[in-house]
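Observations on the three-dimensional arrangement
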Number of protein chains: 4
Amino acid sequence: MNDKTAAVNAPALFTLTTGPVNCYPEVLSALGKPVFYDYDPSFMAYYEKVMKKLAVALGTTDVPIVLQGEPVLGLEAAAYSLVAPQDTVLNLASGVYGAGYGEWLKPRAGVFHEIRVAYNDVVDPVAVDEFLTNHPEVGLVAVCHHDTPSGTINPIREIGEVVRKHGALYVVDSVSAWAGVEVDVEACCIDLLVTGPNKCLGCPPALSILTVSERAWAKMAANPAAPRASILSILDWKDAWRATEGFPFTPSVSEIYGLEAGIDRYLSEGPANVWARHAKTAEAMRAGVKAMGLELWAAREEIASPTCTTIKLPDGVDETELRNLMKVRYGVVISSGRAETFNKLVRVGHMGPTAFPLYTVLALTALGGAMGELLGKPLDIGAAVAAAEAVMRG
Amino acid sequence: MNDKTAAVNAPALFTLTTGPVNCYPEVLSALGKPVFYDYDPSFMAYYEKVMKKLAVALGTTDVPIVLQGEPVLGLEAAAYSLVAPQDTVLNLASGVYGAGYGEWLKPRAGVFHEIRVAYNDVVDPVAVDEFLTNHPEVGLVAVCHHDTPSGTINPIREIGEVVRKHGALYVVDSVSAWAGVEVDVEACCIDLLVTGPNKCLGCPPALSILTVSERAWAKMAANPAAPRASILSILDWKDAWRATEGFPFTPSVSEIYGLEAGIDRYLSEGPANVWARHAKTAEAMRAGVKAMGLELWAAREEIASPTCTTIKLPDGVDETELRNLMKVRYGVVISSGRAETFNKLVRVGHMGPTAFPLYTVLALTALGGAMGELLGKPLDIGAAVAAAEAVMRG
Amino acid sequence: MNDKTAAVNAPALFTLTTGPVNCYPEVLSALGKPVFYDYDPSFMAYYEKVMKKLAVALGTTDVPIVLQGEPVLGLEAAAYSLVAPQDTVLNLASGVYGAGYGEWLKPRAGVFHEIRVAYNDVVDPVAVDEFLTNHPEVGLVAVCHHDTPSGTINPIREIGEVVRKHGALYVVDSVSAWAGVEVDVEACCIDLLVTGPNKCLGCPPALSILTVSERAWAKMAANPAAPRASILSILDWKDAWRATEGFPFTPSVSEIYGLEAGIDRYLSEGPANVWARHAKTAEAMRAGVKAMGLELWAAREEIASPTCTTIKLPDGVDETELRNLMKVRYGVVISSGRAETFNKLVRVGHMGPTAFPLYTVLALTALGGAMGELLGKPLDIGAAVAAAEAVMRG
Amino acid sequence: MNDKTAAVNAPALFTLTTGPVNCYPEVLSALGKPVFYDYDPSFMAYYEKVMKKLAVALGTTDVPIVLQGEPVLGLEAAAYSLVAPQDTVLNLASGVYGAGYGEWLKPRAGVFHEIRVAYNDVVDPVAVDEFLTNHPEVGLVAVCHHDTPSGTINPIREIGEVVRKHGALYVVDSVSAWAGVEVDVEACCIDLLVTGPNKCLGCPPALSILTVSERAWAKMAANPAAPRASILSILDWKDAWRATEGFPFTPSVSEIYGLEAGIDRYLSEGPANVWARHAKTAEAMRAGVKAMGLELWAAREEIASPTCTTIKLPDGVDETELRNLMKVRYGVVISSGRAETFNKLVRVGHMGPTAFPLYTVLALTALGGAMGELLGKPLDIGAAVAAAEAVMRG
């Protein structure tokens, strides 16, 4: 290992990514609690207690489902569980993740439609309304709330109202927005929400969280293609939260401890307070980015995510070089783009423990310093930090 | 909650189950380390390092695969990945888990065969040899090494030699035996071993460990039915251990930390030492059980597992009452039977941190005390402990 | 390092000592919380909160004092703070620790008296009354509640009433009894109680806990010999618990976290429940010891401590050999005697996390097995365990 | 609690103080390891191992002494142990801590001298030489290496050479410099160094570390006033590090675990690398402070500490208001002055985990923002951050 590699491989000082994010200290402490037998009545009672707390955090009356794998498990399981062979589905794609979800829906659906917009833009509810008016046979609509590789936020409430009006089921991937942004499951008319503890809740990656409406449960139960006796089964876990039931297989005990600590933190800080600091952090970051002459990726600032800021890469700047320099010189790790957005943008996460405005000065200094060097002309880091600080003061 | 429920729901003092088991302290400490971004080069290098350590622990030259869900994920993934629609498979079932595996194989195979023996017995390699001689078309043989709900150990090496002779692929579920018993993957001719860190390695439940032979990789690659772009895909993870590759989706970072700590402990204690104390613990337990007049479930003591002791429930003793009384009065939690063995036996685990002979006196006292009360005549706990102690002394 | 040394140096499986004891899991988790600046207002508020919880645990209306070193610091500080050069003091010694306390009192007192009884017996309140009647000039009486090297419990309430009647200050060392046994500071007329979190509260050793009566504060304030601006000063910490005050020097932040977790555990389990299980554990242990023909050290069973059982060493048995064999063969570590009781007895602690009756079967098996071997004739471990189990059942 | 108090009492986001500092993650993990009995041979062997590692970290051939209380214990113990009633001592005071040390020396010495300089300056070795030439009877010279309340660094090597030339013993308080700055005990002719793990080593506060020369041991042994059988005794611990010896009283087991983790981190990172990043962090901080028009406290930049930067408070700025605003608005906690420097300066620590240059942008933003508000005219935070970043780049 040469010196350069060694430096890149040194532990990060600040992980300012879009997930996995580092965890809240109370979460890290909770992970090390003794592991109990899943069929120990005390563990079963504990599991029920945590699921009910999670319902409070989600604002739902029904108890949510936790699947024992990181949120891609929940997303895959939802696609398999809700789509029956004869179904017509509509996928809404405003980015890499939204489009990617189509890859799970398409092979399972009878007819697959997609509304796709530019990857720096968001889906227009009016377009969805028009489409559903023309295609009343659509039984399921799927959307990604925060398309992380783009850093943009779809209007899930407005879309949800449209979907409900047309009677279709509505699946929302809010993995990287929930707990950093208000998500009112009822008001958004969401039938199946997939999220996870490893983003704005400040927990490690290993679990999926799902809310399932009565309609969605009925659809799954009636769907012969819905997984059963499988890690991909949602149905298997329907009643597993009850202390009197067993588990389909062993839950990830330590991760449940971490989840509880994350929920406790979220509820005790107050969800509205948590959302507010996510929003303010992103606002400070965008102010700083613009002040040093860089461009935001999002087509319009109002669609930029409160949980992640995406910055266009100037011509000639290679994202790997940039991120390596940020790490080696400043100790800061941020996220790259993905697929179509790879090497077109970089992303700074504002999620959970890093969603405090002051974190932006770390990101701005490291980003500005490294970018200036790669561009061959210094960026005005001072202006960036001053602009971010003005937001903090406001 | 009444008093009885409260007592049953109090935290266990000693978890002497067949998994999840409590973890080694070094594992619990490791779980709380800071979570790093999975695409941080230092995490990628770290992941490679852990996988290479795991290869040492498994005694394989090839780097193993870790799937990001507890071992049922690995088992399900193996069945889906290795069975193509036209294949003839043979399942060997000496217990609930072995038989259950057939449920995943059967719907995917062209032709499904099974050799089933009594659930207190093990599979005879000679019978396998005969069967394969008569059915040369069998392409895959599956067996459960330690059928936990029975507490018996199949002769996986002898069976493996037979399977290899006939040219079939050989899948072994050694989830609850590996790391407590020697498993020589090469010598046993295993093409795909599934195990996990949450049993004898003393880690939490959340990961699957797989070794995959060249033949098995080739089979999967050629199998159009093998999952791809799915949580059930083994293929997606083939090269993910390399620091230069990415991950198909986010690995369970904290669990990888725990896994490393479990491996370090295992290697520093010395695998042969670890196996020896598992064996001695089980020997002491069996001696104690017999000394107080209870019966072992296993048809013959030589097939009883070194990682779990199964004890027949005497007529009239209800397993839930028994286990609740053991918990309320003594603070000890043990495992029940499963499916066909439910309410026929109870199980005391000897896995990882509890696989030390002295733990048996806890289990014997609690089991003997509670059983005596439910039977209405005291059992000779003293004789049980004395017999167990004689083994420790030996 | 030869094999024998290696075995003795292997980590203990069960630490059944009289302290340090292993900690409750919630305490171990709490120790790793982030360390905050002691002058951070949030830490100052937190410290006050913990001290007030501690008052609840101690059952006092006044807020206790925590000194930042293990309980010998508190004991030494108490002696220095309360004894002025002209004072006459009376030390009550029923064991090594009680007698040892005289070594701190004597050089600081004008006149030093001592009532000393056999080290397997306890102080008689009548004798104290007589002494104080004859020596009305005695201003301070000191006693060790549980003289750990003897495992005996002095009648601190009866003695306290006598001391109060005669008007002297009353200092009680209850380091290894408090939180395992009821200590009613008011009813026992205690002016200065010294205890610690590292015994029955299940925390690590690093702090002293003191309750100080108004009379004792007045005495210290008036005593020119009382340490000030010193680690030995109690006075310096009088108001340090208030969020509005500073600290004389940096408190041991992590240990305060552990202390809080220990208090929370104690209060949520319920002090009376905690005392009851300590008592029952000791009762089971004594029953077992006698059943296998060993002798208790305490002159009478009613003076044996609920937090520790002391067992006479039979002639010819060396305590180091015994304890090493217990560790090497069984993984059990117990405590030796100290000073005059060294090599005359061994001690099994029942403190905090190990004060559950089932722990006695571990101690009895290991003690009986090793002792039998050193004596050259097996002890009846079975009878011992059966006798202990009968107590659990009762 | 009103809103203002609540905000000040919220947990700090960034603790950038001069100690206690937050700990390295590996230290926090280590604190939660199981607590073992101090007389368990494995703990005794472990303790010896840690002390020998500590010798490596200190660069001494002799094994150092750890006292079981935060460094003021070590400082007090050193004063009591080395000063005999007839001795003439010289105290060197360039700040609050150095002067404070005289308070312990003076009452114990026969004759007490002091060289005192302005609290923004350092001691001149030439002045010491002259003094000792004129007072050959001086037997002990004491100095504070880094007088934290001033943030200045005394030339301990040059002074040490002078002291040695004159034959006196040399006591150095390097609590807040060691492990952040090179301290060559031999080359500096130090007879007794006091330091601690809770500053630049990144561990919690609870232990003192001492190196003791042969001459210093001899002096203590011959000194009837040196504490014995006391928490203040250094002599009692002389051989306690040997696995074959006992401890004078119970060591703080969990803190020893933390200490080991801190040493391991220090040695694996490489002491010279650690010192370099402390120096660079301070350099960046000073550049930033000056760039926004604030003044350094230190009379000359070359005497400013690499482990702490002290900034003069402008007229009319109250330090409590300033620090509260920094916390409430930015989440940053820094240290105030002490005694004579209180309300004259504020201090930003660069110690252990926060001694990375990028941390300075947090401190500069929060300090500049809050100070600007209290001054009623914004400071140029941008210029500050840019200047700091230029140092990182250099």
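Throughout this description, residue numbers start from 1 for each chain and increase along the sequence as written. As they are written, the chains are lettered A onward and the ligands numbered 1 onward, keeping that order. Local features in this predicted model are restricted to residues whose pLDDT is 70 or higher, and side-chain atom pairs enter the listing and the counts only when it is 80 or higher, whereas totals over whole chains, interfaces and linings include all residues. Only heavy atoms go into the side-chain values, all of them from the structure, while hydrogens and water stay out.

Which entries qualify depends on this criterion: UniProt positions are given in the numbering used here, feature names are shortened, and annotations may be inferred rather than shown by experiment.
Taking an unreviewed UniProt entry as the reference, chain A is identified by name as Aminotransferase belonging to Celeribacter ethanolicus. Listed under Cofactor (unreviewed entry) in UniProt, the entry text for chain A is "pyridoxal 5'-phosphate". We quote the UniProt Sequence similarities (unreviewed entry) comment for chain A here in full: "Belongs to the class-V pyridoxal-phosphate-dependent aminotransferase family."

Describing the interface of chain A and chain B
Put simply, the test is: Any pair of residues with heavy atoms lying within 4.5 Å of one another is described as a contacting pair. Using a 1.4 Å probe, buried area is obtained as the accessible area two parts lose upon being combined, added over both of them. Note on definitions: salt bridges are taken to be side-chain nitrogens of Lys or Arg within 4 Å of carboxyl oxygens of Asp or Glu. Side-chain atoms alone can form a polar contact between residues adjacent in sequence; in general such a contact is a pair of N or O atoms within 3.5 Å, and within protein one must be able to donate a hydrogen while the other accepts it. Helix and strand definitions follow DSSP, with helices as H or I runs of at least four residues and strands as E runs of at least two, each counted in order from the N terminus.
The interface is formed by 57 residues belonging to chain A together with 57 residues belonging to chain B. Taking both sides of the interface into account, the surface hidden between chain A and chain B amounts to around 3,900 Å²; carbon and sulfur atoms contribute 58%. Viewed at the interface, chain B and chain A are joined by two salt bridges. Between Lys327 of chain B and Asp40 of chain A there is a salt bridge, with its nearest N and O atoms 2.4 Å apart. Summed over the shared surface of chain A and chain B, the number is 18 residue pairs in polar contact (both at pLDDT 80 or more). Listed by contribution, the elements that provide at least two residues to the side of chain A that touches chain B are helix H1 (3-9), helix H2 (25-31), helix H3 (41-58), helix H4 (71-82), helix H9 (253-269), helix H11 (319-330) and strand S13 (335-336) of chain A. The greatest single-element share of the side of chain A that touches chain B, amounting to four residues, is contributed by H4 of chain A.

Examining the sheet that holds strand S3 (residues 88-93) of chain D
All names here are of chain D. We count it as follows: Two strands pair under a simple rule: DSSP has to find at least two bridges between them. Axis lines are fitted through C-alpha atoms, for helices just across the contact stretch, and the angle between N-to-C directions can take any value from 0 to 180 degrees.
Ordered by their spatial adjacency, seven strands build an open sheet running S2-S10-S9-S8-S5-S3-S4, and the pairing between neighbours is mixed. The sheet is open, and its two edges are formed by strand S2 (65-67) and strand S4 (111-116), each paired on a single side. Pairs of neighbouring strands in the sheet enclose a mean axial angle of 20 degrees, with direction left out of account.

Here's the deal with the relation of the copies chain A and chain B
As a reminder, the rule being used: Least-squares superposition aligns the copies on the C-alpha atoms of those residues with pLDDT at or above 70 in both.
Relative to chain B, chain A is turned by 180 degrees and slid 0.0 Å along the rotation axis, the superposed coordinates differing by an RMSD of 0.0 Å. Viewed as a symmetry operation, the transformation between the two copies matches a two-fold axis. In this assembly, 100% of the residues forming the interface of chain A have copies in chain B that are likewise at the interface, indicating an isologous arrangement.

Digging into the sheet that holds strand S4 (residues 111-116) of chain A
All names here are of chain A. If you walk across this open sheet you meet the seven strands as S2-S10-S9-S8-S5-S3-S4, and the pairing is mixed. Only two strands of the sheet have a single partner each, and these edge strands are strand S2 (65-67) and S4. In this sheet, neighbouring strand axes are inclined to one another by 20 degrees on average, regardless of whether the strands run parallel or antiparallel. Bridge analysis of strand S8 (residues 169-173) against strand S9 (residues 192-195) gives three bridges, and the strand direction is parallel. Counterpart to Val171 in the pairing with S9 is Leu192. Its contacts with the sheet place H4 against S2, strand S5 (138-144), S8, S9 and strand S10 (208-212), and it is angled at close to 160 degrees to S9.

Side note on the UniProt feature "modified residue: N6-(pyridoxal phosphate)lysine" (unreviewed entry) in chain A
All names here are of chain A. According to UniProt, the feature "modified residue: N6-(pyridoxal phosphate)lysine" (unreviewed entry) maps to Lys199 in the numbering used here. Relative to the helices and strands, Lys199 resides in the loop between S9 and S10. Leave out the neighbours within four places in its chain, and Lys199 touches Thr18, Gly19, Val21, Val175, Ser176, Met351 and Gly352.

Re the pattern of salt bridges
Residues and elements named next belong to chain A. Note the threshold: Note on classification: 1.4 Å probe, protein chains only; a residue is buried when its accessible area is under 20% of the maximum for its type, exposed when over 50%, partly exposed between these limits.
Under the defined criterion, the tally for this structure stands at 99 salt bridges over all chains. Ionic pairing is found between Glu26 and Arg265, a salt bridge with its closest N-O pair at 3.5 Å. A residue pair is termed long-range when its members are at least 10 positions apart, and Glu26 in helix H2 and Arg265 in helix H9 qualify at 239 residues. Judged by relative accessible area, Arg265 falls into the buried class, the value being 18%. Residue Glu301 is joined to Lys290 by a salt bridge in which the shortest nitrogen-to-oxygen separation is 2.6 Å. Remark: Lys290 occurs in helix H10 (residues 271-291) and Glu301 occurs in the loop between H10 and strand S11 (308-312); sequence separation between them is 11 residues. Given the relative accessible area of 31%, Glu301 is considered partly exposed. Judged by relative accessible area, Lys290 falls into the partly exposed class, the value being 42%.

Section: the environment of Arg116 of chain C
All names here are of chain C. Examined against the element boundaries, Arg116 turns out to sit in strand S4 (residues 111-116). Among the residues examined, Arg116 registers a relative accessible area of 46% and is labelled partly exposed. Taking the C-alpha atoms as reference points, Arg116 and Ile190, 74 residues apart in sequence, are found 20 Å from one another. For Arg116, the residues in contact, after removing those within four places along its chain, are Ala93 and Ala99. For Arg116, the side chain forms a polar contact with the side chain of Tyr119, separated by 3.2 Å.

Focus on unusual backbone geometry
The omega angle of the peptide bond from Gly19 of chain C to Pro20 of chain C is -5 degrees, so this bond is cis rather than trans. Looking at where Pro20 of chain C falls in the secondary structure, it is placed in the loop between strand S1 (14-15) and helix H2 (25-31). Here the phi dihedral of Ala339 of chain B falls at roughly 50 degrees; this positive angle occurs in a residue that is not glycine. You can see Ala339 of chain B is positioned in the loop between strand S13 (335-336) and strand S14 (345-349). Of note in the backbone geometry, Asn343 of chain D takes a positive phi value of approximately 65 degrees without being a glycine. As for its placement among the helices and strands, Asn343 of chain D is situated in the loop between strand S13 (335-336) and strand S14 (345-349). Exposure remark for Asn343 of chain D: the relative accessible area of 34% places this residue in the partly exposed category.

Thoughts on the pairing of strand S5 (residues 138-144) of chain B
A regular strand places its side chains on the two faces of the sheet in alternate fashion. All names here are of chain B. In terms of burial, S5 is a largely internal element, six of the seven residues being buried. Where strand S3 (residues 88-93) lies against S5, five bridges are found, and the strand directions are parallel. Across the sheet, Thr88 pairs through a bridge with Val138, a residue of S5. Direction of pairing for S5 relative to strand S8 (residues 169-173): parallel, over a ladder of five bridges. Looking across to S8, one finds that Cys144 is bridged to Asp173.

Focus: helix H13 (residues 381-393) of chain A
Keep this limit in mind: Helices are assigned an expected span. That span is 1.5 Å times one less than the residue count.
Between the first and last C-alpha of H13 of chain A there are 18 Å, a value that for 13 residues agrees with the 18 Å anticipated at 1.5 Å per step. Of the positions making up H13 of chain A, those classed as buried are Ile381, Gly382, Ala384, Val385, Ala387, Ala388, Glu389, Val391 and Met392 of chain A. Where H13 of chain A is buried, its residues touch H10 and helix H12 (359-375) of chain A together with helix H11 (319-330), helix H12 (359-375) and helix H13 (381-393) of chain D.

Comments concerning the relation of the copies chain D and chain C
Each copy superposes on the other: chain D lies on chain C with an RMSD of 0.0 Å after a rotation of 180 degrees and an axial shift of 0.0 Å. Most of the interface of chain D is mirrored in chain C, where 100% of its interface residues are also at the interface.

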